[in-house]
Amino acid sequence: MMAAQGIREFEIDIEDLLSHFESLEDPRSEVNRRHPLESVIIISIMAILAGAGGPTAIALWAKNKEDWLSPLLPLPHGVPKKDVYRRVLMAVNPQAFQACFNQWLQSHYERVAEENGITRPLLNIDGKTLRRSHDRANGLGALHSVSVWAGEFGMTLAQVACEEKSNEITAIPEVLKMVEVKDAVVTIDAMGTQKKIAKQIIDAGGDYVLALKGNQKGLHKEIVAYIDEQMLNDFEGIGARKYITQEKRHGRDEQRIYVQMPVPKHLAGKEKWKGLKTVGVVMLMTVRDGKETFDTRYYISSLRMSVKLFARSVRGHWSIENSCHWCLDFIYREDESRIRQKNLRENFAWLNRFTFSLIKQYPSKQSQVMKRRICGWNEDYLLQVLTNTTT
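Residues numbered from 1 in each chain as written. Predicted model: local features only at pLDDT ≥ 70, side-chain atom pairs only at ≥ 80, totals over all residues. Heavy atoms only, no water.

Here we come to the overall build of the protein. Counting secondary structure elements, the protein contains 14 helices and nine strands. The C-alpha radius of gyration computed for the protein amounts to 23 Å, which stays within 12% of the reference 21 Å derived for 391 residues, consistent with globular compactness. Each of the three principal axes of the protein carries a C-alpha extent, and together these read 75 × 45 × 40 Å. Residue burial in the protein is summarised as follows: out of 391 residues, 53% are buried. Residue pairs at least 24 apart in sequence account for 63% of intrachain contacts in the protein once pairs closer than 6 positions are excluded. Just so you have it, the protein exposes about 18,700 Å², and 49% of that area is on carbon and sulfur atoms. (Helix = DSSP H or I, 4+ residues; strand = E, 2+ residues; numbered from the N terminus. Rg over C-alpha atoms; globule rule 2.2 N^0.38 Å. Buried < 20%, exposed > 50% of the residue type's maximum accessible area, 1.4 Å probe, protein only. Contact = heavy atoms within 4.5 Å. Areas by Shrake-Rupley, 256 points an atom, 1.4 Å probe, with all protein chains shown as cover.)

Put into structure tokens, the structure is as follows:
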């Protein structure tokens, strides 16, 4: 059990964390408010950091930690039972719930930006499906959510849920409204390559790098034809810039050639894409076990000519799969989650992302998996991760 001195060291931080949820409307009847809403939420966050994957696990963790939690949090009737966590996370509005985390996240965001000298942050937007979260008997499809990942910060900044991948087009504008876009570079897969989304990003003071595929059939065809033509002359005479990287990882050799060039003057309909200044191509050659594979991807962008920033933006976007989605499945077993109530699964998905951001932010040499395990083993460590402090 944590010593009294240790509890006092974290007392101010805990009070600060509780304050973030004071504005959140309590969805429960006044008759049933035996447990403060803020305490229910903070316990849920702690338990998920320690390995809990649902309301039952949260309640069991809290019961085993009751003597330790009592001096830390307002618990006039002891720790809540399972149904309390379930009812709260089912009833609270997901968007209002997320809003309470904004100031908390912003403090981390600003600190990391200052420490690393980041003036043009990358905001990667992508969707993820929780395959086992469907409830066919009640007509509920699997949860598909669109989130904003700040890969250089190791943080998920916002999330909007939708029931189908095709709904990403409507979810992306909503999730963009929830984050500060000014001076950032927003990267989105081809699904989000839409004129209205490009305009929204520019109007908010940001820049975009948007992938091109068949969903913008005419634009994609014209850009591919133009780049293929310029490739014959090694992009001479059009003001193109080239950047090449070589990497050896996981038993394979990778060469990436990034080429950025001004948008073609003759490009049909270019004026409809607000802020459009450049187009780009990335050619990837991979050698593994003596076999070569090639992949080519095309992009439109509002960035001025700066091939290294273009390369950083494209490469940074891939981190949302490797550094966020894969980790949520591997560390949190998110793809195996069978939480199937609409608000509950959305709020849990957000808490997974938020606590993973806390784990990523904590300065430790251990892996993300090991950090979460230690949270389950050591109360001091758990509070340090929660409050982003070290001793």
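Back to the write-up after that little detour.
So, about the side chain of E168. One can find E168 in helix α8 (residues 168–176). Those residues in contact with E168, other than ones at most four positions away along the chain, are G127, H144, V146, C162 and M191.

Packing of helix α2 (residues 37–49) against helix α12 (residues 342–361) leaves a shortest axis separation of 10 Å and a crossing angle of 65°. The chirality of how α2 crosses α12 is right-handed. Where α2 approaches α12, its residues S44, I45, I48 and L49 are matched on the opposing element by F348, L351, N352, F354, T355, L358 and I359. The class makeup of the residues in the contact of α2 with α12 is eight nonpolar, three polar and no charged. (Axes fitted to C-alpha atoms, helices over the stretch in contact; angles between N-to-C directions. Left-handed = near helix turned anticlockwise from the far one by under 90°. Nonpolar A, V, L, I, M, F, W, Y, C, P; charged D, E, K, R; others polar.)

Okay, empty space enclosed by the protein next. It is a probe the size of a water molecule, rolled over the atoms, that shows where empty space is left. Applying the stated criterion across every chain, the model contains one cavity of 30 Å³ or more. Volume-wise, the largest cavity comes out at about 30 Å³. Every residue lining the largest cavity is listed: I125, D126, G127, E168, I172, I188, D189, M191 and G192. When residues in the lining of the largest cavity are grouped by element, the largest group, three residues, is from strand β1 (residues 122–130). For the lining of the largest cavity, the residue count by class is four nonpolar, two polar and three charged. (1 Å grid on protein atoms, 1.4 Å probe; cavity = no way out; pocket = protein on both sides within 12 Å on 5 of 7 lines; lining within 4 Å. Points joined across faces, edges and corners; volume = space filled by probe spheres on them.)

Below, the discussion takes up the pairing of strand β9 (residues 291–301). Alignment of strand β5 (residues 207–212) against β9, held across four bridges, turns out to be antiparallel. Bridge pairing in β9 links L212 to Y298. Strand direction decides the pairing type here: strand β8 (residues 278–288) and β9, joined by eleven bridges, are antiparallel. Along β9, the bridge assignment pairs M285 with F294. Once β8 ends, the chain turns through two residues before running back antiparallel as β9, passing D289 with a positive phi of about 55°. (Pairing = 2+ DSSP bridges.)

Bear in mind that shape data such as this cannot, by itself, settle questions of function.
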